[in-house]
Amino acid sequence: DKLDQVEGLMDSREEDATLAFVGDGINDAPVLARADVGIAMGAMGSDAAIEAADVVLMDDKPSNVAVAMRIARRTLRITRQNIVFAVAVKVAILALAAVGLAPMWLAVFGDVGVMVLCVLNATRALR
């Protein structure tokens with residue numbers, strides 16, 4: 001009956017709402033696959049639930065769902081920073097090249113330098 005309940009919730013929800021389901025058993029696999037975000041409890045969870053889930057928590061503490069959400073938000077923020085920074089630098093170098101002020105070494109330095117800085121920025125997610 002879990003799948004029927006989730007289907008009912010998905011049909012009656014608001015347009016911008018996201019439905020997450022947390023489960024660990026084999027009978028949760030269809031619901032984990034159907035929900036917008038399926039979260040499996042990995043330590044004692046079944047292989048079917050882990051395979052069907054979008055997120056797998058490596059222990060069975062439900063409080064770690066909030067921790068996973070914080071980590072995901074921080075990761076998305078860092079990813080957006082890297083994208084904006086990389087595009088901005090490349091557009092600036094392209095504009096300089098269009099007017100003849102950017103030699104080839106600047107383009108190479110810009111490309112490799114941006115990559116190194118983005119990787120260093122991404123390492124902040126390890127904390």
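Residues numbered from 1 in each chain as written. Predicted model: local features only at pLDDT ≥ 70, side-chain atom pairs only at ≥ 80, totals over all residues. Heavy atoms only, no water.

One way to see where empty space is left: roll a probe the size of a water molecule over the atoms. One number sums up the size of the largest pocket: a volume of about 220 Å³. Taken together, Thr-18, Ala-20, Val-37, Ile-39, Val-55, Leu-57, Val-65, Ala-68, Met-69 and Ala-72 form the lining of the largest pocket. Looking at the lining of the largest pocket, the elements with two or more residues in it are β2 (37-41), β3 (55-57) and α4 (64-98). Tallying contributions element by element places α4 first for the lining of the largest pocket, with 4 residues. When grouped by side-chain class, the residues that make up the lining of the largest pocket number 9 nonpolar, 1 polar and no charged. (1 Å grid on protein atoms, 1.4 Å probe; cavity = no way out; pocket = protein on both sides within 12 Å on 5 of 7 lines; lining within 4 Å. Points joined across faces, edges and corners; volume = space filled by probe spheres on them. Helix = DSSP H or I, 4+ residues; strand = E, 2+ residues; numbered from the N terminus. Nonpolar A, V, L, I, M, F, W, Y, C, P; charged D, E, K, R; others polar.)

Pairing is parallel across the open sheet formed by 3 strands, whose spatial order is β1-β2-β3. The two strands at the open ends of the sheet, each matched to only one other strand, are β1 (20-23) and β3. Ignoring strand direction, the axes of neighbouring strands in this sheet form an average angle of 20°. Here 4 bridges tie β1 to β2, and the two strands are oriented parallel to one another. Along β2, the bridge assignment pairs Phe-21 with Gly-38. (Pairing = 2+ DSSP bridges. Axes fitted to C-alpha atoms, helices over the stretch in contact; angles between N-to-C directions.)

The subject of this paragraph is the pairing of β1. Along β1, the buried face is formed by Phe-21 and Gly-23; none of Ala-20 and Val-22, which line the opposite face, is buried. This β-α-β element, β1 to helix α2 (residues 29-34) to β2, shows right-handed connectivity. (Buried < 20%, exposed > 50% of the residue type's maximum accessible area, 1.4 Å probe, protein only. Right-handed = clockwise from strand over helix to strand, strands pointing away.)

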